[in-house]
Amino acid sequence: MANEISLRHMQVGESGVIADVKVSGELGRRIRDMGLIPGTEVTVVGRAPLHDPVALRLSGVTVTLRNKEADYISIAR
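Residues numbered from 1 in each chain as written. Predicted model: local features only at pLDDT ≥ 70, side-chain atom pairs only at ≥ 80, totals over all residues. Heavy atoms only, no water.

> Before we go on, may I ask you to explain unusual backbone geometry in this structure?
If a residue is not glycine, its phi is most likely negative; likewise, a peptide bond is most likely trans. In this structure, the amide linkage connecting D52 to the following residue, P53, adopts the cis form with an omega of 10 degrees. As for its placement among the helices and strands, P53 is situated in the loop between β3 (41-47) and β4 (54-58). A positive phi angle, near 50 degrees, is found at S59, a position not held by glycine. Relative to the elements of secondary structure, S59 occurs in the loop between β4 and β5 (61-65). For S59, a relative accessible area of 66% gives the class exposed. (Helix = DSSP H or I, 4+ residues; strand = E, 2+ residues; numbered from the N terminus. Buried < 20%, exposed > 50% of the residue type's maximum accessible area, 1.4 Å probe, protein only.)

> Teacher, can you tell me more about the pattern of salt bridges here?
Note on pairing: side chains with opposite charge can pair once their charged atoms come close. Under the defined criterion, the tally for this structure stands at six salt bridges. Residue R8 is joined to D71 by a salt bridge in which the shortest nitrogen-to-oxygen separation is 2.7 Å. Here R8 is found in the loop between β1 (4-6) and β2 (15-21), whereas its partner D71 is found in the loop between α2 (67-70) and β6 (73-76), with 63 residues between them in sequence. In this structure R8 comes out as partly exposed when scored by relative accessible area, which is 32%. Classification of D71 as partly exposed rests on a relative accessible area of 38%. Beyond isolated ion pairs, a larger network of salt bridges with shared partners links E26, R29 and D33. (Salt bridge = Lys/Arg side-chain N within 4 Å of Asp/Glu carboxyl O.)

What follows is the structure, given as structure tokens:
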């Protein structure tokens, strides 16, 4: 079984596959609409100076998330 970690705790350069998105409602829909769905590979490509937000690369695009949103996403490494 793969180790799972919250997306918030990943370091720049780390990659993994989204295992679960643990939020529903409007926020869950918004996260999924950005392409952050289980099975998608993501790489952390950068962080702001105070570590919030985080920039992610997935499916050929770069998206950013606040840490409070990243807390809802589990990554399998």
